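Next come the chains, spelled out residue by residue.
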Amino acid sequence: MNSEQEHPIVQFRNVGLRYGLGPEVLQDLSFSLAPGSFHFLLGESGAGKSSLLKLIYLALRPTRGLISLFGNDIATTPRDTLPSLRRRVGVVFQEYRLLNHLSSFDNVALPLRVAGAKKSDIEKYVTELMSWVGLKDHMRARPPTMSGGQQQRVAIARAVISRPSLLLADEPTGNVDDAMAFRLVHLFEELNKLGTTIVIATHNQALVDRLGHGSLSLANGILTTSAAKTVLMSEEHSKEKGAPKKVSTKKSENPHFTAGKKDSSQKTAPDSGQVEDT
């Protein structure tokens, strides 16, 4: 077994976060995410969802507590090692963060070009993925000429194209209709089947209820006990009771992903949405 797979993908221990001298916006968070699991992150506006995601992808440092990412204690990890950890995390930002001087095609292709992918592979995979998210006719358009929903889909395609080990998405379906929302989440599900751990922040309760994945709930900066009863289970309890039943969705053609082969020794956890309470 790959030694890394002995560790959770993400682990928080008594984490708190405050901005400046204000009150803590996140309080006493202790949880871990298993490799290959799928989670929805729920909470009203201001509950701390975006702040939690920023802590996970290392855009923020906690005020207190310990965070580990891919088995690395962030507090003791050398600074020159952090960029390599960040590159293993795909992020769909709520505000898109596309490069306006590049076409939508080039925005999606950017991670592959940075990774040194072949030009023919870039053309093949980017074209296929953009077609899958409904943007085949907009590949040469630049972000300022596109609608919010179109830009959101470009941002999602850019985040998933290189098969990250961990994918974080902040309200990725907020500007699309229900049909496209389910299609985009199916894209995340296909990526999850390849071993990527998924965390999606959303207000769309209907989406969560229909798909049946595990969920985390934040209220006023606190991870609530209602989520703990169904999702924040110990590994032993998960094995004893079995994974929650998953609601099936109709699948059309499936997207393909790039970025070479995953480690053959990688062990993917069942799609149980398991989160271990630590």
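None of the values given here were measured: they were computed from a predicted structure. (Residues numbered from 1 in each chain as written. Predicted model: local features only at pLDDT ≥ 70, side-chain atom pairs only at ≥ 80, totals over all residues. Heavy atoms only, no water.)

Q: Before we go on, may I ask you to explain the nonpolar core in this structure?
A: Counting residues in each nonpolar core, the largest one holds 43 residues, and the members touching the most others are Phe40, Val126, Met130, Val160, Leu167 and Phe188. Counting residues per element, the ones that place at least two in this core are strand S3 (38–42), helix H3 (104–114), helix H4 (119–132), helix H5 (148–160), strand S7 (166–170), helix H6 (178–193), strand S8 (197–202) and helix H7 (205–211). With residues up to four places along the chain from it excluded, the contact list for Met130 reads Ser104, Phe105, Val108, Leu135, Lys136, Met139 and Val154. Val10, Leu52, Leu69 and Phe93 belong to the second largest nonpolar core, which has 33 residues in total. (Core = buried A, V, L, I, M, F, W, Y, C linked by side-chain atoms within 4.5 Å. Buried < 20%, exposed > 50% of the residue type's maximum accessible area, 1.4 Å probe, protein only. Helix = DSSP H or I, 4+ residues; strand = E, 2+ residues; numbered from the N terminus. Contact = heavy atoms within 4.5 Å.)

Q: Is there a simple way to explain H4 in this structure?
A: Since there are 3.6 residues in each turn of an α-helix, residues three or four apart along the chain are aligned in direction. With 14 residues, H4 should reach 20 Å at 1.5 Å per residue; the first-to-last C-alpha distance of 20 Å fits that figure. All of the buried residues in H4 are Ile122, Tyr125, Val126, Leu129, Met130 and Trp132. The buried residues of H4 occupy an angular sector of 150° when the element is viewed end-on, so they sit on one face. Packed against the buried residues of H4 are H3, H5 and H6. (Expected span 1.5 Å × (residues − 1). Arc of directions from axis to C-beta.)

Q: I tried to follow unusual backbone geometry on my own but got confused; where do I start?
A: Leaving glycine aside, a negative phi is the common case for residues, and trans is the common case for peptide bonds. Its identity is not glycine, yet Asp28 carries a phi of approximately 50°, on the positive side. Tracing the chain through its elements places Asp28 in strand S2 (residues 24–33). Among the residues examined, Asp28 registers a relative accessible area of 48% and is labelled partly exposed. One non-glycine residue, Glu171, lies in positive phi territory at about 50°. Summarising the element assignment, Glu171 is placed in the loop between S7 and H6.

Q: Looking at this structure, I do not really get the packing of aromatic side chains. What am I missing?
A: One pair of aromatic rings is described through two measures. These are the centre distance and the angle between the planes. As enumerated under the stated definition, the model contains three aromatic pairs in all. Aromatic pair Phe38 and Phe40: ring centres 5.6 Å apart, planes at 65°, arrangement edge-to-face. With respect to class, Phe38 is no different from Phe40; both count as buried. Taking 5.8 Å as the distance between ring centres and 90° as the angle between the ring planes, the aromatic pair formed by Tyr57 and Phe93 counts as edge-to-face. (Phe/Tyr/Trp six-rings, centres within 6.5 Å; stacked < 30°, edge-to-face > 60°.)

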